[in-house]
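Descriptive structure summary
Below are the chains, spelled out letter by letter.
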Amino acid sequence: MTSISADTRPLRTADLGTLVIMSWSRETPDGDVPFLLACSLGDGEGGPEASRAAVERLLQHSGLPVGGGVLDATRLSNLPVSLLVVPGAAALTMPGVNAQFAPTPEWRAAVDKRGYACLIFATRPWSEGEPGDGEAVAAFANDEDTLTSAAQVILPARSLRS
């Protein structure tokens, strides 16, 4: 039996709008845990609803489940999503997206220690707040609506080898 997806529209990067990546680490009893929040600002050509739909298509195309718990990608070899970490910079790469960002030194130290980062890729656009506002980022990232409609992935960190 063959099933056909109801959503066959191609991903239009213009619908994504501005994609932002924010990094931070949080102290736990086991040490610092590095987190990444990726989301659209909802400023794509079709507005916030088109941005949400475009992010959902991007995640689906990348094999990332939305709202289905945490995916441990450290055990997957064929996931088309990667995190490259180099001195002073990092990049999240997935089909159609290469988002580069400058991580905090604390985040980088936590990634170096653990070998992964916890990615929260929100389908819900973040149209309020500023990426540099730590309290606003934390409120958005920890909001139940954000988490239940996001892809959550433990993503292995890769580095360049000489």
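In the block above lies the structure referred to throughout.
Okay, so let's go over this structure. Note that the structure is a prediction, hence the values are computed from the model and not measured. (Residues numbered from 1 in each chain as written. Predicted model: local features only at pLDDT ≥ 70, side-chain atom pairs only at ≥ 80, totals over all residues. Heavy atoms only, no water.)

Details of helix α2 (residues 47-61)
Each turn of an α-helix holds 3.6 residues, which means side chains three or four residues apart point in the same direction. Threshold: Numbering of helices and strands runs from the N terminus, with a helix taken as a DSSP run of H or I at least four residues long and a strand as a DSSP run of E at least two residues long. Here, expected helix span is obtained from the residue count minus one, scaled by 1.5 Å. Each residue is assigned to one of three classes by its accessible area relative to the maximum for its type, calculated with a 1.4 Å probe on protein chains only: buried under 20%, partly exposed between the two thresholds, exposed over 50%. The contact criterion used throughout is that any non-hydrogen atoms of two residues lie within 4.5 Å.
In this model α2 runs 21 Å from its N-terminal to its C-terminal C-alpha over 15 residues, within 8% of the 21 Å that 1.5 Å per residue would give. The complete set of buried residues in α2 reads G47, S51, A54, V55, R57, L58 and L59. Packed against the buried residues of α2 are α1 (13-16), β2 (31-40), β5 (89-94), β6 (97-101), β7 (116-122) and β8 (150-158). Just past α2, the residue G63 takes up positive phi, approximately 80°.

Looking at the nonpolar core
Applied cut-off: Throughout, nonpolar core names a set of buried Ala, Val, Leu, Ile, Met, Phe, Trp, Tyr and Cys residues whose side chains join them through atoms within 4.5 Å.
Counting 28 residues, the largest nonpolar core has L83, W107 and F121 as the members making the most contacts within it. Contributions of two or more residues to this core are made by β2, α2, β4 (82-86), β5, β6, α3 (105-114), β7 and β8. Ranked by the residues each element gives to this core, the list is headed by α2, at four residues. Other than its neighbours up to four places away in sequence, L83 contacts L36, A90, A91, F101, W107, A117, L155, P156, A157 and R158. Of all hydrophobic cores here, the second largest spans 15 residues; its members include I120, A122, V137 and A141.

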